[in-house]
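# Notes for the structure review
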Amino acid sequence: AIRVQTEFVRRSTVRILAYIYDDDEALVAATSVSISIKNPAGTVVVNAAAMTATSTGVYEYYYTTTITVVEGNYQIECDILDGSYHTFVHGHFSLVSGVNE
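Residues numbered from 1 in each chain as written. Predicted model: local features only at pLDDT ≥ 70, side-chain atom pairs only at ≥ 80, totals over all residues. Heavy atoms only, no water.

Turning next to the sheet that holds strand E6 (residues 58-64). One open sheet accounts for three strands, arranged E2-E6-E5; its pairing is antiparallel. Every interior strand has two partners, whereas the edge strands, strand E2 (13-19) and strand E5 (52-55), have only one. Strand-to-strand twist in this sheet, taken as the mean axis angle between neighbours without regard to direction, amounts to 35°. Here seven bridges tie E2 to E6, and the two strands are oriented antiparallel to one another. (Pairing = 2+ DSSP bridges. Helix = DSSP H or I, 4+ residues; strand = E, 2+ residues; numbered from the N terminus. Axes fitted to C-alpha atoms, helices over the stretch in contact; angles between N-to-C directions.)

Here it is in structure tokens:
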């Protein structure tokens with residue numbers, strides 16, 4: 001089974017993956033994929049940054065944090081552009097303080 005990690009310690013790098021499928025459930029390349037991230041206060045901390053294609057239909061983004069970032073639940077929105085059609089998908093992750101902070 002695949003375990004999806006959604007809780008990270010501040011000062012971590014959060015790896016965010018997006019998988020793009022067609023109607024037949026096959027991975028496909030999109031025209032572009034961008035990501036936006038909001039912190040728990042609702043402030044946009046990443047605004048429409050390009051995600052990197054690592055293979056057909058798989059895109060990633062690395063969000064690097066420090067111990068000064070706000071703890072709590074972060075909201076993710078990916079904008080998938082396929083030709084002239086946009087699809088928006090959502091996700092989330094949490095940041096908590098570390099043992100040695």
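Core analysis: the largest hydrophobic core is formed by 22 residues, its most contacted members being Ile16, Ile35, Ile37, Met51, Tyr61, Tyr63 and Phe93. If you list the elements that add at least two residues to this core, you get E2, strand E3 (32-38), strand E4 (44-50), E6, strand E7 (72-82) and strand E8 (85-96). When residues in this core are grouped by element, the largest group, four residues, is from E7. Each residue touching Tyr63, except ones within four places of it in the same chain, is listed here: Ser12, Thr13, Val14, Ile37, Val45, Val46, Tyr74 and Phe93. (Core = buried A, V, L, I, M, F, W, Y, C linked by side-chain atoms within 4.5 Å. Buried < 20%, exposed > 50% of the residue type's maximum accessible area, 1.4 Å probe, protein only. Contact = heavy atoms within 4.5 Å.)

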